[in-house]
Amino acid sequence: MNALDLFCGCGGLSLGFEKAGVNVIMGIDSWQDAVKTFNFNHKNSKGICRDLSKITPEDIDNELHGQTIDIIIGGPPCQGFSIAGKRVIDDDRNKLYKNFVKFVAYYKPKAFVLENVPNILSIGNGIVKDSIIKDFSDLGYSVQYKVLMASDYGTPQNRRRAIFVGLQKGKFEFPEKMVEKYTTSFEALSDLPENSVEDGDEYPTKPLSDYQKLIRSGCHKLYNHQVTEHNAKTVEIISMVPDGGNYKDLPKELQNTRRVHIAWTRLNSQKPSFTIDTGHRHHFHYKFNRIPTVRESARIQSFPDEFIFLGTKTSQYKQVGNAVPPLLAQAIAVKLLKYL
Ligand SMILES: C[S@@+](CC[C@H](N)C(=O)[O-])C[C@H]1O[C@@H](n2cnc3c(N)ncnc32)[C@H](O)[C@@H]1O
């Protein structure tokens, strides 16, 4: 099965599909750094840097060299849908989503998978969700949707994502929860050291959990584990927050030092992580007085250690934080292949 990944980013969604045996032949994204990471890690695919608000499916036909597209996957950023009464208006804000629809209309894949934030289902009392279902039903797809929780599929993170799956034939049923016990932050990170490791150096310890064995997957070298040096005040404040705690654990006079409700939050070593951010520096390691490294964030997202992030550190955090957890994507892909 050949797939095309629209808005591919660094390729978390693609990776899950590849692990399930899908041949992701191309990824498209307008962000140069993410495309570089995509190409570096998806050797059998081709990431191209294009603005999807400006190109049409015909524009990439040449680059596909006649290969068929069986599945279209992707998470178009939906900055906001403009709504009038009971319908979604066609305007610039939902242009990216509309282009996803155009690609599906043009290539007529056997299936598509559209990923988005959970509140896409509730905007305008469900008008956007209904409009998505209608757009694809009009193209002949039977569309199912569900909010899936990444930790139910082995990812050490409570990240929820709305997934729409359309099939030309059959009616998709989403994969059931796959784990009996959630993977914790401790199981995900405990073999990674407090201090920086030079890219390509060996791991300082053996894997300490089944998850670590899985995520190392034969990899012997560590990349993207450079720690962020915080100023003395930040270290002093975060050192007062216990494992799993937050700003409420601080003395009263320090509780408002950062004016966001997620401030001074530590991972809970005994639970899956909360949804990681894209590098805002409010979430800290459960034990160390620093934010997680890019590698630790990637572990929380279930990227294998052999997946290497390129670009500046800020860019790497954003690529990781934007991604669909590969293990979640894999669970969807495995189920989807049963229908194709
Ligand atoms: C949520 S991220 C996708 C993450 C990806 N599915 C993954 O699993 O790694 C959304 C992506 O849309 C891309 N994007 C935003 N506007 C775009 C545009 N006009 N054309 C192409 N890509 C765009 C961003 O650069 C970003 O990488």
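Just above sits the structure.
Draft legend 1. Representation of the overall build of the protein chain within the structure. For the protein chain, the helix and strand inventory stands at 11 helices and 15 strands. Against the compact-globule benchmark of 20 Å for 340 residues, the protein chain has a radius of gyration of 21 Å, which places it among compact chains. If you line up the protein chain on its principal axes, its C-alpha atoms span 55 × 45 × 40 Å. Counting only residues that meet the buried cut, the protein chain has 54% of its 340 residues in that class. Taking all contacts inside the protein chain whose residues are at least 6 apart in sequence as the whole, residues at least 24 apart take part in 65%. Accessible surface, the protein chain as shown: approximately 15500 Å² in total, 49% of it carbon and sulfur.

Draft legend 2. Spatial organisation of the sheet that holds strand β8 (residues 142-149). Pairing is mixed in the open sheet, where seven strands are placed in the order β3-β2-β1-β4-β7-β10-β8. Two strands lie at the open edges of the sheet, namely β3 (46-49) and β8, each paired on one side alone. This sheet shows a mean twist of 15 degrees between the axes of neighbouring strands, independent of strand direction. Sheet topology note: the β8/strand β10 (residues 160-167) ladder contains eight bridges and is antiparallel. Each bridged residue has a counterpart across the sheet, and for valine 147 the counterpart in β10 is alanine 162.

Draft legend 3. Region of interest: the environment of isoleucine 123. Mapped onto the elements, isoleucine 123 comes out in the loop between β7 (111-116) and α5 (127-137). Its relative accessible area of 29% is what places isoleucine 123 among the partly exposed residues. Between the alpha carbons of isoleucine 123 and glutamate 229 there is a distance of 40 Å; along the sequence they are 106 residues apart. Every residue in contact with isoleucine 123, bar those within four places of it in the chain, is listed here: Ile83 and Val128.

Draft legend 4. Seen up close, the site of the ligand. Among the 20 residues in the neighbourhood of the ligand, the closest are listed as Leu13, Asp29, Asp51, Leu52 and Val324. Between the ligand and valine 324 there is a distance of 2.9 Å, counted from an oxygen atom to a backbone nitrogen or oxygen. Of the residues contributing to the shell around the ligand, the split by class is 10 nonpolar, seven polar and three charged.

Rules used in this analysis
Residues numbered from 1 in each chain as written. Predicted model: local features only at pLDDT ≥ 70, side-chain atom pairs only at ≥ 80, totals over all residues. Heavy atoms only, no water. Helix = DSSP H or I, 4+ residues; strand = E, 2+ residues; numbered from the N terminus. Rg over C-alpha atoms; globule rule 2.2 N^0.38 Å. Buried < 20%, exposed > 50% of the residue type's maximum accessible area, 1.4 Å probe, protein only. Contact = heavy atoms within 4.5 Å. Areas by Shrake-Rupley, 256 points an atom, 1.4 Å probe, with all protein chains shown as cover. Pairing = 2+ DSSP bridges. Axes fitted to C-alpha atoms, helices over the stretch in contact; angles between N-to-C directions. Near = heavy atom within 4 Å. Polar contact = N/O pair within 3.5 Å; in protein donor to acceptor, adjacent residues only side chain to side chain. Nonpolar A, V, L, I, M, F, W, Y, C, P; charged D, E, K, R; others polar.

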